[in-house]
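Here is how the chains run, residue by residue.
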Amino acid sequence: MNKPARGSLLGIEHLEEKEILGLLRLARRMNPLKARPLLRNKRIALLFYEASTRTRSSFEVAAKSMGAITVLVLSSGSSIEKGESLLDTGYTLRAVGADAIVIRHPSAGAPLMMAKHLDIPVINAGDGMHEHPSQALLDAFTILKHKKSFKGLRVAIIGDIYHSRVARSACHLLSKVGVKVTLCGPPELIPEFATTLAPGLRITRHIEEALRGADVIMLLRVQQERLAGKKIHLQDYMARYQMTMARLKLAKRDAIVMHPGPIIRGLELTSEVVDGPQSVIVDEVHNGVPTRMAILARALGKAS
Ligand code: NCD
């Protein structure tokens, strides 16, 4: 077993603030419509063991816009269905000439395990309930685009924090750049120990309190597929935590509403909020492409 190859991106937790800011600066210089062919003759395998729309398509567009060849391997329809192990799948992709692997997997730590056994960069596109670093970076990119600086910002993250790799990576990133984060939701979705995840996190069970003074509101889906027997009464959840236009008025007037998707309209937020003037949900998806271009350029050593 080795150290992960340089350029791997396995999580935000172990990145330094200057690496994060460097990636965000690089992402700002990326334009998929006018990209230099930085990844010409590079082959990037996209290995997805879990459902994905935004992450998968934007990694693919990012890679292709810089001239790379992409190979998509899904768990259904590949030898993974026949019982091939994760590592053997990695060795196979390496043997067909992959220069980097982007992987989404239901088990926390799967990308790290693969990175320790392969000599090519591995990029975590979401591992279980652990991390989703490219999402945290594109969200930080989106916040900077709308708010110009992280200085003095207050971010409220509302919803299913416990099951969310998006929230975990976001908390690490926002805490490293000095943003004040308030987590809001019921104890089943935000246990008290969530504050130990990163320095400076605060929990409230009252949405009104989370929204007061917030510059950024980040909403999360209730991940019913990961609840494993835990009971969430959705009607109660909606009554207490659904983001509505009336509740949105409690935040700063210029607050932005974010959501990593997939959104469930009428559950964690109303359609009026999704389509309203403060929503930057579509812009987040859009920003996924330059952010992932920066991640891939860094992975393959073409980041200058
Ligand atoms: C999320 C994920 O898969 O972690 N979506 C995403 O990548 N944008 C969040 C979710 O599934 O709710």
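Note that residues are indexed from 1 along each chain, following the sequence as it is written. Two thresholds apply to this predicted model, a pLDDT of at least 70 for residue-level local features and 80 or more for giving and counting side-chain atom pairs, whereas whole-chain, interface and lining totals are computed over all residues. Side-chain numbers here rest on the full set of heavy atoms in the structure, without hydrogens or water.

### Comments concerning the sheet that holds strand β6 (residues 180-184)
Here is the rule we go by: The pairing criterion is simple: DSSP has to find at least two bridges between the two strands. In this description a helix means any DSSP run of H or I spanning at least four residues, a strand means any run of E spanning at least two, and both kinds are numbered starting from the N terminus. Here an axis means a line fitted to C-alpha atoms, over the contact stretch when the element is a helix, while the angle between two N-to-C directions is reported on a 0 to 180 degree scale.
Ordered by their spatial adjacency, five strands build an open sheet running β7-β6-β5-β8-β9, and the pairing between neighbours is parallel. Where the open sheet ends on each side, the last strands, each with one partner, are β7 (201-204) and β9 (256-258). For this sheet, the mean angle separating the axes of adjacent strands, direction not counted, is 20°.

### With respect to empty space enclosed by the protein
So the rule is basically this: Residues are called lining when one of their atoms sits within 4 Å of a cavity or pocket point, these points coming from a 1 Å grid over the protein atoms alone, where a cavity is a set in which a 1.4 Å probe fits but cannot get out and a pocket is an open set with protein on both sides within 12 Å along at least five of seven lines. Grid points are joined across faces, edges and corners, and a volume is the space filled by probe spheres set on the points. For this scheme, ten residues count as nonpolar: Ala, Val, Leu, Ile, Met, Phe, Trp, Tyr, Cys and Pro. Four count as charged, namely Asp, Glu, Lys and Arg, and the remainder, Gly too, count as polar. An automatic or database domain assignment provides the domain bounds reported here.
Taken as a whole and judged by the stated rule, the model has two cavities of 30 Å³ or more. One number sums up the size of the largest cavity: a volume of about 60 Å³. Considering the residues around the largest cavity, the lining is formed by Arg54, Ser58, Gln135, Leu138, His259, Pro260, Ile281, Glu284, Val285 and Arg292. At the level of secondary structure, the elements contributing two or more residues to the lining of the largest cavity comprise α2 (54-65), α5 (133-147) and α11 (281-299). At four residues, α11 tops the list of elements feeding residues into the lining of the largest cavity. Taken together, the residues that form the lining of the largest cavity break down as four nonpolar, three polar and three charged. If you count residues domain by domain, the lining of the largest cavity takes at least three from each of domain 1 (17-131 + 288-299) and domain 2 (134-285). By volume, the second largest cavity is sized at about 30 Å³. As for the second largest cavity, its lining consists of Ala136, Asp139, Ala140, Ile143, Ala170, Leu173, Leu174 and Met218. Going through the elements one at a time, α5 and α6 (165-176) are the ones with two or more residues in the lining of the second largest cavity. When grouped by side-chain class, the residues that make up the lining of the second largest cavity number seven nonpolar, no polar and one charged.

### Concerning the packing of α5 against α11
Working note: a packed helix pair is described by the angle between its axes plus the distance between those axes. Heads up, the condition is: In this scheme the crossing of two helices becomes right-handed for a clockwise turn of the near helix relative to the far one and left-handed for an anticlockwise turn of less than a right angle. A contact between two residues is defined here by any heavy atoms of the two lying within 4.5 Å.
Running from amino to carboxyl end, α5 crosses α11 at an angle of 115°, the nearest separation of the two axes being 8 Å. Viewed along their axes, α5 and α11 form a crossing whose handedness is right-handed. Counted together, Ser134, Gln135, Leu137, Leu138, Asp139, Phe141, Thr142, Lys145 and His146 of α5 and Asp283, Glu284, His286, Asn287, Gly288, Pro290, Thr291, Arg292 and Ile295 of α11 form the full contact between these two elements. In the contact of α5 with α11, the residues fall into five nonpolar, eight polar and five charged.

### Some points on the nonpolar core
This is how the line gets drawn: For the purposes of this section, nonpolar cores are sets of buried Ala, Val, Leu, Ile, Met, Phe, Trp, Tyr and Cys residues that join through side-chain atoms within 4.5 Å. Only protein chains enter the accessibility calculation, which uses a 1.4 Å probe; a residue is then buried when its area is under 20% of its type maximum, exposed when over 50%, and partly exposed in between.
Core analysis: the largest hydrophobic core is formed by 63 residues, its most contacted members being Ile44, Val102, Leu137, Ile157, Leu183 and Leu296. It is α11 that contributes the most residues to this core, seven residues altogether. Leu183 has contacts with Ile157, Ile161, Cys171, Ile190, Ala194, Leu201, Arg202, Ile203 and Thr204, leaving out every residue within four places of it along the chain. Ile207, Tyr241, Ala255 and Leu267 belong to the second largest nonpolar core, which has 25 residues in total.

### A word on the site of the ligand
Applicable threshold: A cutoff of 4 Å decides nearness: a residue is near a molecule or strand if any of its heavy atoms lies inside that distance of it. Pairs of N or O atoms are called polar contacts if they sit within 3.5 Å, as long as, within protein, a hydrogen donor faces a hydrogen acceptor (for residues adjacent in sequence, only side-chain-to-side-chain pairs). Residue exposure ignores everything except the shown protein chains as possible cover, and the areas themselves are Shrake-Rupley values with a 1.4 Å probe. Molecule-in-pocket calls rest on the fraction of atoms, with more than half required to lie within 2 Å of the cavity or pocket grid points.
The immediate surroundings of the ligand are formed by Thr55, Arg104, His132, Gln135, Arg165, Val166, Arg221, Gln223, Pro260, Gly261 and Pro262. Within the side chain of Arg165, one N or O atom sits 2.7 Å away from an oxygen atom of the ligand. One of the side-chain N or O atoms of Arg221 is found 2.7 Å from an oxygen atom in the ligand. With the chains in place, 93% of the 320 Å² that the ligand exposes on its own is no longer accessible. Judged by the fraction of its atoms near the pocket grid, the ligand is located in the second largest pocket.

### What about the domain arrangement of the chain?
Many structure descriptions define interface size as the accessible area lost when the parts assemble. Quick reminder of the rule: What gets called buried area is simply the loss in accessible area from a 1.4 Å probe that two parts show on being joined, summed for both.
When its domains are assigned, the chain resolves into domain 1 (17-131 + 288-299) and domain 2 (134-285). With 25 residues of domain 1 at the interface, the matching set in domain 2 holds 23 residues. Of the roughly 2000 Å² buried where domain 1 meets domain 2, counting both sides, 62% is carbon and sulfur surface. Together, Leu24, Arg54 and Met129 form the three largest contributors to the area buried by domain 1 at its contact with domain 2, with a combined 31%.

### Quick notes on a positive patch on the surface
In plain terms, the rule: Residues form patches when they are more than 30% accessible in relative terms and have no salt bridge. Like charges link within 9 Å. Nonpolar side chains (Val, Leu, Ile, Met, Phe, Trp, Tyr) link within 5 Å. We define a salt bridge as a contact between a side-chain nitrogen of Lys or Arg and a carboxyl oxygen of Asp or Glu at a distance within 4 Å. Positive charges come from Lys and Arg alone, negative charges from Asp and Glu alone, with His and the N- and C-terminal ends not counted. In plain terms, the charge of a residue is placed at NZ if it is Lys, CZ if Arg, CG if Asp and CD if Glu.
There is a patch of like positive charges on the surface, built from Arg25, Arg28, Arg29 and Arg36. Along the chain, Arg25 turns up in helix α1 (residues 17-29).

### Quick word on the layout of surface pockets
Here the largest pocket is characterised by a volume of approximately 500 Å³. Around the largest pocket, the lining is made up of 21 residues, and of these Ser8, Leu10, Gly11, His14 and Leu15 lie nearest the centre. Of all the elements in the fold, those that place two or more residues in the lining of the largest pocket are α4 (110-117) and β4 (122-127). Class assignment of the residues belonging to the lining of the largest pocket gives a composition of seven nonpolar, seven polar and seven charged. Considered as a void within the structure, the second largest pocket measures approximately 390 Å³ in volume. The wall of the second largest pocket is formed by 21 residues, among which Arg104, Arg165, Arg221, Gly261 and Pro262 lie closest to the centre. Residue assignment for the lining of the second largest pocket shows that the elements contributing at least two residues are α2 and α6.

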